[in-house]
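Examining the three-dimensional arrangement
Below are the chains, spelled out letter by letter.
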Amino acid sequence: MKWLTGLVSRGEEWVGEAEQEKEQEDRMAIVDDAAVLLSSCAGTSTGPLMRTFEFPTDGEPIVIYLRDASILSQDHTSVGLQTWGSCCILANRMARHPEEYGLQKESLSSKDGRIDSTNASSSPLRVLELGAGTGLLSMVVAKMLAPTAEVFATDFHPAVLDNLQANVSGNFTGPPEELVQCVPQVLPLDWQSFHAMRSAQDNGSRTSLDSPFNQTFDIIIGADIIYEPTHAHWIKSTVEMTLRKPSGVCRHVPGGCFHLIMPARPTHDEETASVPAAFPSADSIRQTRQSGGTTDLQLGIVSMDELDRVAGTGRSDEVHYILYRIEWV
């Protein structure tokens, strides 16, 4: 048990030391097998693993300390107890290129006008993470934008929320009155409930959301959060109800943006395909509109980028990653 724990805890470092790609893949497979064996040996819990992540920026690097707990053997919905490769990939990209994600610290008004500059002085940037898991993305964003933002880290599973809160508390220390940081707020969020409310709205019912979901968000992020095809439709409903829409005369002030990253796994083709099935491309929405279709705003995929695997990051069965930018069209 001690040997397996040691192998898993330094797995990324060991994989990164391999010189050949084939050797890296073999080492990834060994670490994955060790993690499975460790979980099996320990039953429901193997004890937490402490991990340190460092992300370079234009200034000081962002350092995050995380506790990865063991996935509960009888509950597949507890996958958020561990940090997955997609989170690391997206966190690194956001830290290096915040302007591409509307996360500039200098101003709440992005260069392409995504955030209404007329409200920048009084309204903090609002960021929502769906399926936050261990909280890596939310904490990176919070440290990037402190103190000019409100960040909300959400998940559904009680054990995941407990671990998420512990991670946030461990990375943002000190008395509340002395904290000048933007501390993520940890909250439960059930996508299926939002999907039901969205369906009720379509049927003419009026729904009201509790705070903080009664105000829309400028940026929504999610990493590796679809494990069943139905999740994509639940997530779409949630984003439809929470993402800020374009405003102003002729909608000249653009709406918010949803950044979603997914791994491509050979065993999860249906889940991967569910994203474009739920969110049509922006071009197809415009074409339908030009052909006499609805003029209502719809969520569409504005861009879709395929990202290569990074040595030492993610599972061995993650062929590559797909990064979606989804906006109101």
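Our subject is the structure that appears above.
Here's a quick rundown of the structure. (Residues numbered from 1 in each chain as written. Predicted model: local features only at pLDDT ≥ 70, side-chain atom pairs only at ≥ 80, totals over all residues. Heavy atoms only, no water.)

A word on the side chain of T313. Residue position: T313 is located in the loop between β8 (299–307) and β9 (320–328). Given a relative accessible area of 13%, T313 falls into the buried group. Apart from the residues within four sequence positions on either side, T313 is in contact with M28, G85, C88, I89 and Y321. (Helix = DSSP H or I, 4+ residues; strand = E, 2+ residues; numbered from the N terminus. Buried < 20%, exposed > 50% of the residue type's maximum accessible area, 1.4 Å probe, protein only. Contact = heavy atoms within 4.5 Å.)

Another aspect to go through is helix α4 (residues 85–96). If you check α4, its first and last C-alpha atoms are 17 Å apart, about what twelve residues at 1.5 Å a residue would give, namely 16 Å. Counting buried residues in α4 gives nine out of twelve residues, a clear majority hidden from the surface. Considered for burial, the residues of α4 that qualify are G85, S86, C87, C88, I89, L90, A91, M94 and A95. For α4, the secondary structure elements touched by its buried residues are β1 (49–55), α5 (136–145), β6 (219–223), β7 (257–264), β8 and β9. (Expected span 1.5 Å × (residues − 1).)

Turning our eyes to something else, we now look at unusual backbone geometry. Along the chain, A146 connects to P147 via a cis peptide bond; the corresponding omega equals -5°. Positionally, P147 belongs in the loop between α5 and β4 (149–155). The phi torsion at D224 lies on the positive side, around 50°, for a residue other than glycine. As for its placement among the helices and strands, D224 is situated in the loop between β6 and α8 (229–242). The class for D224 is buried, based on a relative accessible area of 4%.

Here the focus is the pairing of β6. Along β6, five of the five residues are buried, which leaves the element largely enclosed by surrounding structure. Two elements, strand β3 (residues 125–130) and β6, share four bridges in a ladder whose sense is parallel. The partner of L130 across the bridge, within β6, is G222. Here β6 pairs with β7 via five bridges, running parallel. Bridged to I220 within β7 is F258. (Pairing = 2+ DSSP bridges.)

Let us now look at the pattern of salt bridges. On inspection of all chains with the given rule, the structure shows eight salt bridges. Across the pair E150 and R126 runs a salt bridge, and its minimum N-O distance is 3.0 Å. Taken together, the residues E150 in strand β4 and R126 in strand β3 connect sequence positions 24 residues apart. R126 gets classed as buried once you look at its relative accessible area, which sits at 8%. Salt-bridge contacts for R198 lead to E240; the nearest nitrogen and oxygen are separated by 2.9 Å. Residue R198 is located in helix α7 (residues 191–202), and its partner E240 is located in helix α8; the two are separated by 42 residues in the primary sequence. (Salt bridge = Lys/Arg side-chain N within 4 Å of Asp/Glu carboxyl O.)

Time to look at the packing of α4 against α5. Contact geometry for α4 and α5: axes closest at 9 Å, N-to-C directions at 10°. Here α4 is positioned roughly parallel relative to α5, judged by the angle of their axes. Within the contact between the two elements, α4 uses C87, C88, L90, A91, M94 and A95 and α5 uses L136, L137, V140, V141 and M144. (Axes fitted to C-alpha atoms, helices over the stretch in contact; angles between N-to-C directions. Parallel < 35°, antiparallel > 145°, perpendicular 65-115°, else oblique.)

Moving on to the packing of α8 against helix α9 (residues 269–278). Between two packed helices, the angle of one axis relative to the other and the distance separating the axes together describe the packing. Packing of α8 against α9 brings their axes to within 7 Å, and their N-to-C directions diverge by 30°. Judged by the inter-axis angle, α8 sits roughly parallel to α9. Where α8 crosses over α9, the handedness of that crossing is right-handed. Seen from α8, the contacting residues are P229, A232, H233 and K236; seen from α9, they are E270, E271, S274, V275 and A278. Looking at side-chain class alone, the contact of α8 with α9 contains four nonpolar, two polar and three charged residues. (Left-handed = near helix turned anticlockwise from the far one by under 90°. Nonpolar A, V, L, I, M, F, W, Y, C, P; charged D, E, K, R; others polar.)

Summed over the entire model, instances satisfying the criterion amount to five aromatic pairs. Each ring, one from F152 and one from F217, has its centre 5.6 Å from the other, and the planes form 75°; the classification is edge-to-face. Of the two residues, F152 sits in strand β4 while F217 sits in the loop between α7 and β6, which places them 65 residues apart along the sequence. Residue F152 is classed as buried on the basis of its relative accessible area of 2%. Both rings, one in F258 and one in F279, keep their centres 6.2 Å apart while their planes meet at 55°; by these two values the pair is tilted. Residue F258 is located in strand β7, and its partner F279 is located in the loop between α9 and α10 (282–290); the two are separated by 21 residues in the primary sequence. Aromatic rings pair up to connect F152, F194, F213 and F217 into one cluster. In this structure, R126 packs its charged tip against the face of F217, placed 4.4 Å from the ring centre. Across from the ring centre of F172, 4.5 Å away, lies the NZ or CZ of K143, which sits over that ring. (Phe/Tyr/Trp six-rings, centres within 6.5 Å; stacked < 30°, edge-to-face > 60°. Lys NZ or Arg CZ within 6 Å of the ring centre and 35° of its normal.)

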